[in-house]
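# Working through the structure, step by step
Residues per chain are reported as follows:
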Amino acid sequence: MTYAYNFNAGPGALPPEVLQEAQEELRNFHGIGASILEISHRSKPYEAIHNEAQQRIKELLTLSSDYAVLFLPGG
């Protein structure tokens, strides 16, 4: 399969290794037997992802613990 190169301002092409890992994780996220899209947002695997994402954003933005990170839908 040949890959197209995108030089536009929008999303760019991802390396094949990244796409392969995403494909594998989408089918069987961390060996739980289901994709992250199929598990409950109240499950422990999802909560772990959610909490890690919040923590990483706080670290990236150097936010103290008195800030909350909210994930909201929208554009």
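Whatever comes next refers back to the structure up there.
Every value quoted in this text rests on a predicted model; they were computed, and no experiment measured them.

### Topic: the overall build of the protein chain
Within the protein chain, the regular secondary structure consists of two helices and zero strands. Taken over C-alpha atoms, the radius of gyration comes to 16 Å for the protein chain, far larger than the 11 Å a tight globule of 75 residues would show. Counting only C-alpha atoms and orienting by the principal axes, one finds that the protein chain spans roughly 45 × 35 × 25 Å. By the burial criterion, 9% of the 75 residues in the protein chain qualify as buried.

### Considerations on the side chain of K58
Mapped onto the elements, K58 comes out in helix α2 (residues 44–60). No salt bridge is formed by the buried K58; the nearest opposite charge belongs to D66, separated by 7.5 Å.

### Some words on the pattern of salt bridges
Throughout the structure, instances matching the rule amount to one salt bridge. Across the salt bridge formed by E52 and R56, the nearest N and O atoms sit 2.8 Å from each other. Highlighted residues: E52 and R56, both in helix α2, separated by four residues, approximately one helical turn. For E52, a relative accessible area of 41% puts it in the partly exposed group.

### Structural notes on the environment of A34
Structurally, A34 can be placed in the loop between α1 (16–27) and α2. In contact with A34, not counting residues within four places along its chain, are R27, N28, F29 and I39.

### Considerations on the layout of surface pockets
Roughly 170 Å³ of volume is contained in the largest pocket. Residues of the lining of the largest pocket, tallied by class, amount to five nonpolar, one polar and two charged.

### Structural notes on α2
Here α2 spans 24 Å end to end across 17 residues, near enough to the 24 Å set by a 1.5 Å rise per residue. T62 sits one or two positions beyond α2 and adopts a positive phi of about 50°.

Cut-offs and rules
- Residues numbered from 1 in each chain as written.
- Predicted model: local features only at pLDDT ≥ 70, side-chain atom pairs only at ≥ 80, totals over all residues.
- Heavy atoms only, no water.
- Helix = DSSP H or I, 4+ residues; strand = E, 2+ residues; numbered from the N terminus.
- Rg over C-alpha atoms; globule rule 2.2 N^0.38 Å.
- Buried < 20%, exposed > 50% of the residue type's maximum accessible area, 1.4 Å probe, protein only.
- Lys, Arg positive; Asp, Glu negative; His and termini not counted.
- Salt bridge = Lys/Arg side-chain N within 4 Å of Asp/Glu carboxyl O.
- Contact = heavy atoms within 4.5 Å.
- 1 Å grid on protein atoms, 1.4 Å probe; cavity = no way out; pocket = protein on both sides within 12 Å on 5 of 7 lines; lining within 4 Å.
- Points joined across faces, edges and corners; volume = space filled by probe spheres on them.
- Nonpolar A, V, L, I, M, F, W, Y, C, P; charged D, E, K, R; others polar.
- Expected span 1.5 Å × (residues − 1).

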